[in-house]
Amino acid sequence: MRLIFLGPPGAGKGTQAARIAEKHGLAHLATGDMLRAATAGDSPLSEKARAIMASGGLLPDEMIIELISAPVSGAKTTGFILDGFPRTVPQAEALDKLLAALNAPLEAVIAFDLDEKAIRQRIIGRGSEAGQHAREDDRQEVITRRMAEYRRHTQPLRDYYQAKGLLRPVDAAGTVEQVSAEIEEILAEKVLTA
Ligand code: AMP
C-alpha cells in the first residue's frame, strides 16, 4: 500500500502512521524526523534549516523533494506511509511525477480532520508530556505560524487529492484506537475493491 497521511500539526498523523506502518509492514517516511536527523550537525546550512523549523516555517520544496525521493523509491515495493509530505502543491506534483516514473500510484490519502481548538490543546499536551525534551516548534507562538502555513500551503492539497478521487477523511478527534480503527476500515475497503 502506498499512502499519504495529511493533516494539521498535532492531529495525530505521526502516531497513527507509526501504528499502521508497523501493522502492515510499510515504511514510515516522516519528513520532519528525517529533517531533524539531517540537520543535527552545526554546518551553516543545518543551522539555517533548524531556525526555519523552530519558527514554524516550511523548508524549500526542492530540498524536501531531494530528501524524500530516494526513500520513496526504496519503499516502492514494500509500500509506505508519507507523514508530513507533501505539504505544498509543488511537492505533490513532484511526488506524482516520481510515482508515475516508478509505476507505483498512490492508493489513498488519509485526511485527518480536527478543529483548531483541539489542535492547540493536542500540541500543548504533547509539549508538557515531553517536558524538557519538548520540541522547540511546539511553543504557543510557533503553533500559530505552523497553523497559518498549514492553511495556506497544505490545506489546498485536500482539493488536489479530492479531484483525483484519493481523499479519505477521518475524524481525528477520537482516541488513538478509534482513529486507527477508522483508518483500518478505509484500508480494508481499498484492499477489497482493488
Ligand atoms: P513535522 O515533524 O512534520 O511537524 O515537521 C517539522 C518541521 O519540519 C516543519 O514545521 C517544517 O519546518 C519542516 N518540514 C517537515 N516536512 C516538510 C515538508 N514536507 N515541507 C516543508 N517543510 C517541512
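Just above sits the structure.
Figured I'd write up the structure that's included with this text. (Residues numbered from 1 in each chain as written. Predicted model: local features only at pLDDT ≥ 70, side-chain atom pairs only at ≥ 80, totals over all residues. Heavy atoms only, no water.)

**What to know about the pairing of strand β4 (residues 108-113)**
By the criterion of burial, β4 is predominantly enclosed, with five of the six residues buried. Summarising the sheet, β4 and strand β5 (residues 167-171) pair through five bridges and their orientation is parallel. Bridge pairing in β5 places A111 opposite P169. (Buried < 20%, exposed > 50% of the residue type's maximum accessible area, 1.4 Å probe, protein only. Helix = DSSP H or I, 4+ residues; strand = E, 2+ residues; numbered from the N terminus. Pairing = 2+ DSSP bridges.)

**Describing the side chain of S46**
Examined against the element boundaries, S46 turns out to sit in helix α3 (residues 44-55). For S46, a relative accessible area of 10% translates into the label buried.

**Points about the packing of aromatic side chains**
Tallied over the entire structure, the rule returns two aromatic pairs. With a centroid separation of 5.5 Å and an interplanar angle of 50°, the aromatic rings of F5 and F112 are classed as tilted. Of this pair, F5 sits in strand β1 (residues 2-6) while F112 sits in strand β4; the two residues are 107 residues apart in sequence, bridging distant segments of the chain. Note on F112: relative accessible area 1%, which makes it buried. Both rings, one in Y160 and one in Y161, keep their centres 5.0 Å apart while their planes meet at 80°; by these two values the pair is edge-to-face. For the pair Y160 and Y161, a shared accessibility class is recorded, and that class is buried. (Phe/Tyr/Trp six-rings, centres within 6.5 Å; stacked < 30°, edge-to-face > 60°.)

**Re the site of the ligand**
The ligand sits among 16 residues. The nearest are T31, G57, G84, R87 and Q91. Here Q91 contributes a side-chain N or O atom positioned 2.9 Å from a nitrogen atom of the ligand. The fraction of the free accessible surface of the ligand (480 Å²) that becomes covered by protein chains is 94%. At four residues, the largest contribution of residues to the shell around the ligand is made by helix α2 (residues 31-38). Here the shell around the ligand is built from residues that sort into six nonpolar, five polar and five charged. (Near = heavy atom within 4 Å. Polar contact = N/O pair within 3.5 Å; in protein donor to acceptor, adjacent residues only side chain to side chain. Areas by Shrake-Rupley, 256 points an atom, 1.4 Å probe, with all protein chains shown as cover. Nonpolar A, V, L, I, M, F, W, Y, C, P; charged D, E, K, R; others polar.)

**Observations regarding the sheet that holds β4**
Taken in spatial order, the five strands of this open sheet run β2-β3-β1-β4-β5, and their pairing is parallel. At either end of the open sheet lies a strand with only one pairing partner, and these are β2 (27-30) and β5. When strand polarity is set aside, the average angle formed by the axes of neighbouring strands in this sheet is 20°. Note that β2 and strand β3 (residues 80-83) share four bridges and pair parallel. Looking at the pairing, A30 lines up with D83 of β3. (Axes fitted to C-alpha atoms, helices over the stretch in contact; angles between N-to-C directions.)

Take it as geometry only, folks, not as evidence of what the structure does.
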